[in-house]
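Here's the letter readout for the chains.
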Amino acid sequence: MAQDENKGIDRRHALECMIWAGTGVLWTLAGGVPKSALLGSAQAAETGFSFLQISDSHVGFDKPANPNALGTLQEAIGKIVAMPAKPAFMIHTGDITHLSKPKQFDDADQVIGQARLDVHYVPGEHDIIDETQGKAYLDRYGKNAKGAGWYAFDQAGVHFIGLVNVVDLKAGGMGNLGADQLAWLADDLKGKSASTPIVVFAHIPLWTIAPEWGWGTEDSAQALALLARFGSVTVLNGHIHQLMQKVEGNVTFHTARSTAFPQPAPGTAPAPGPMLVPAGDLRGLLGVRSVTFQQGVKDLAVTDISLAP
Amino acid sequence: MIRSFDKRWRRARMGALAIGAALALFFCQMLLAQADDANISIDNFAFAPAVLTVKPGATVTFENHDDIPHLVVAVDGKYRSKALDTNDKFSIAFDKPGEYAYFCGLHPHMKGKIIVAP
């Protein structure tokens, strides 16, 4: 038993290292056993579909950690446009803008629109700091959403749920879903077969990574309890501007890179925030993510692609 | 004639003295109030000082030095700043004695307290 646990840790550690080491490696987690293969972009599309995740584009950010966040978003979209297989759609896991200014939203829309894909957004805390505390975001992206911007949709048998955990934050706490959204989630999942693959996406991680930095969601356990009966749950988050992953039962958690600037790993700096790295290293720490669903395969394949040339 | 002029002169002088004294008192109070005003700096996702004690009537000014915006929100909901970008400031006066807890509306793990005491 103990031996098995050790092996698990080793595997996970190796997986983490591999993710950091390279791009273009396709990771599949089947039954908790990770397998890797060189990425052949065409073969997966026949039996399933792939979609993209971009996150934390912080359009308008111009500080030393990246004086041109719009430029690196443009590079990220360039990578997406150049992909040989067209993804089904894209999700953006928040912090589209840096300061919720109309021009920043406009610039983001103009660049992201060049991918010519449907984009499903959830807000980050930077997207709801206009004078009206989120109205600018909802007017633009929340047409079919409930509450502060949460919603669900289906794609080829996979149920996608976009959650908002950046509003009504409580002193001393972390991210927050709130009772209304949890009630909506319970209702949304009611009657769904346990074999329905579920993808949940939200800005702040739905697992506790670093409470001292607010990297977690206060009431995520209640959401995860509602998801516990499903055989395949993939949780995609942003906010921390670095790759991390965790497997807990049937739930696989992934955080994404930013397209704007990296942040330090917990425990390596006194505080979170934009991390200044040598200019030549920046693009290796930024990136986009491709996620592939294959019919009959429990776990979705996650491929992280850095902006390094 | 001379007497009455002298009397008027004395009255005027007393009036001027009274105005002068009032003005002096006024400026004194202003100086005192200014001396009680205080600043809270936001650096590396933290308020400094995290606990600040001021006299009633003091104005407290927050200034953000991070590359990330922050937002000052009263725990009791009485005030909420706009998003403070790098080097933006937000000032608020505290008239009544008491303890006023606040936090960052974007990064709620950032907390602070202002104690207003005579």
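The structure we're discussing is the one just above.
Residues numbered from 1 in each chain as written. Chains lettered and ligands numbered in written order. Predicted model: local features only at pLDDT ≥ 70, side-chain atom pairs only at ≥ 80, totals over all residues. Heavy atoms only, no water.

## Digging into helix α6 (residues 220-227) of chain A
Residues and elements named next belong to chain A.
So, step 1. Listed in full, the buried residues belonging to α6 are Ser220, Ala223, Leu224 and Leu227. Along the long axis of α6, the arc covered by the buried residues comes to 95°, so they all point the same way. Facing away from the buried side of α6 by over 90 degrees, the exposed positions are Ala221 and Ala225.
So, step 2. Where α6 is buried, its residues touch α5 (179-189), β8 (198-202), β9 (233-237) and β11 (251-255). (Buried < 20%, exposed > 50% of the residue type's maximum accessible area, 1.4 Å probe, protein only. Helix = DSSP H or I, 4+ residues; strand = E, 2+ residues; numbered from the N terminus. Arc of directions from axis to C-beta. Contact = heavy atoms within 4.5 Å.)

## Description of the packing of aromatic side chains
For any two aromatic rings, the description comes down to two numbers: the centre-to-centre distance and the angle of the planes.
So, step 1. Enumeration over the complete set of coordinates arrives at 24 aromatic pairs over all chains.
So, step 2. Ring geometry for Phe49(A) versus Phe51(A): centroids 6.4 Å apart, planes at 35°, classification tilted. The same class applies to Phe49(A) and to Phe51(A), which are both buried.
So, step 3. Relative to Tyr102(B), the ring of Phe47(B) lies with its centre 4.8 Å away and its plane at 80°, an arrangement referred to as edge-to-face. Of this pair, Phe47(B) sits in strand β2 (residues 46-48) while Tyr102(B) sits in strand β7 (residues 98-104), and the two are 55 residues apart along the sequence. The residues Phe47(B) and Tyr102(B) share a single accessibility class, namely buried.
So, step 4. Put simply, the rings of Phe49(A), Phe51(A), Phe89(A), Tyr151(A), Phe153(A), Phe160(A), Phe201(A) and Phe293(A) pair up and form one aromatic cluster.
So, step 5. Taking the ring centre of Phe253(A) as reference, the NZ or CZ of Lys246(A) above it sits at 5.9 Å. (Phe/Tyr/Trp six-rings, centres within 6.5 Å; stacked < 30°, edge-to-face > 60°. Lys NZ or Arg CZ within 6 Å of the ring centre and 35° of its normal.)

## Overview of the environment of Lys82(B)
So, step 1. Within the fold, Lys82(B) resides in the loop between β5 (72-74) and β6 (89-94).
So, step 2. When the C-alpha atoms of Lys82(B) and His109(B) are compared, they prove to be 18 Å apart, with 27 residues separating the residues in sequence.
So, step 3. With residues near it in sequence (within four places) discarded, Lys82(B) still touches Glu131(A), His70(B), Leu71(B) and Asp88(B).

## Section: the sheet that holds β9(A)
Residue and element names in this part refer to chain A.
So, step 1. One open sheet holds the 6 strands; their spatial order is β6-β7-β8-β9-β11-β10, and the pairing between them is mixed. Of all the strands in the sheet, the pair left with one neighbour each is β6 (151-155) and β10 (244-248). Across the sheet, the mean angle from the axis of one strand to that of its neighbour is 15°, orientation sign disregarded.
So, step 2. The sheet contact formed by β8 and β9 spans 5 bridges and is parallel. The residue bridging Val200 from the neighbouring strand is Val235, located in β9.
So, step 3. Set on the sheet, α5 makes contact with β6, β7 (158-162) and β8; between it and β7 the angle comes to about 170°. (Pairing = 2+ DSSP bridges. Axes fitted to C-alpha atoms, helices over the stretch in contact; angles between N-to-C directions.)

## A look at the interface of chain B and chain A
So, step 1. With 19 residues of chain B at the contact, the number on the chain A side is 25 residues.
So, step 2. Summed over both partners, the interface of chain B with chain A comes to about 1700 Å²; 68% of that surface belongs to carbon and sulfur atoms.
So, step 3. For the pair chain B and chain A, the number of links is 0 salt bridges.
So, step 4. The tally of links from chain B across to chain A stands at 2 residue pairs in polar contact (both at pLDDT 80 or more).
So, step 5. When the residues that make up the side of chain B that touches chain A are grouped by side-chain class, the tally is 9 nonpolar, 5 polar and 5 charged. (Buried area = accessible area lost by both parts, 1.4 Å probe. Salt bridge = Lys/Arg side-chain N within 4 Å of Asp/Glu carboxyl O. Polar contact = N/O pair within 3.5 Å; in protein donor to acceptor, adjacent residues only side chain to side chain. Nonpolar A, V, L, I, M, F, W, Y, C, P; charged D, E, K, R; others polar.)

## Quick word on unusual backbone geometry
So, step 1. The amide bond that connects Ala48(B) to the next residue, Pro49(B), takes the cis arrangement and shows omega of -5°.
So, step 2. Phi angles above zero are rare outside glycine, and Asp95(A) is one such case at about 60°.
So, step 3. Within the secondary structure, Asp95(A) sits in the loop between β4 (90-92) and α3 (102-112).
So, step 4. One non-glycine residue, Asp168(A), lies in the positive phi region at around 55°.

## Remarks on the pairing of strand β8 (residues 111-116) of chain B
For a regular strand, the rule is simple: side chains alternate between the two faces of the sheet.
Residues and elements named next belong to chain B.
So, step 1. The alternating pattern of β8 places Gly112, Ile114 and Val116 on a buried face and Lys111, Lys113 and Ile115 on a face that is not buried.
So, step 2. Pairing between strand β3 (residues 51-54) and β8: 4 bridges, direction parallel. Bridge pairing links Leu52 to Ile114 in β8.
So, step 3. Note that β7 and β8 share 6 bridges and pair antiparallel.

## Quick look at the packing of helix α2 (residues 69-81) of chain A against α3(A)
Residue and element names in this part refer to chain A.
So, step 1. Relative orientation of the contacting elements α2 and α3 amounts to 20°, with a least axis distance of 9 Å. As judged from the angle between their axes, α2 and α3 are roughly parallel. In terms of crossing hand, the pair formed by α2 and α3 is right-handed. Residue-level contacts link Leu70, Leu73, Gln74 and Ile77 of α2 to Asp107, Ala108, Val111 and Ile112 of α3.
So, step 2. Class assignment of the residues belonging to the contact of α2 with α3 gives a composition of 6 nonpolar, 1 polar and 1 charged. (Parallel < 35°, antiparallel > 145°, perpendicular 65-115°, else oblique. Left-handed = near helix turned anticlockwise from the far one by under 90°.)

## Considering the nonpolar core
So, step 1. Ranked by internal contacts, the top residues of the largest apolar core, which has 55 residues, are Ile77(A), Ile80(A) and Met90(A).
So, step 2. If we skip the residues at most four places from it in the chain, Met90(A) touches Leu52(A), Ile54(A), Ile77(A), Ile80(A), Ile112(A), Ala115(A), Leu117(A), Asp118(A), Val119(A) and His120(A).
So, step 3. The next biggest cluster of nonpolar side chains, apart from the first, holds 36 residues, and it includes Ile129(A), Phe261(A), Ala58(B) and Ile92(B). (Core = buried A, V, L, I, M, F, W, Y, C linked by side-chain atoms within 4.5 Å.)

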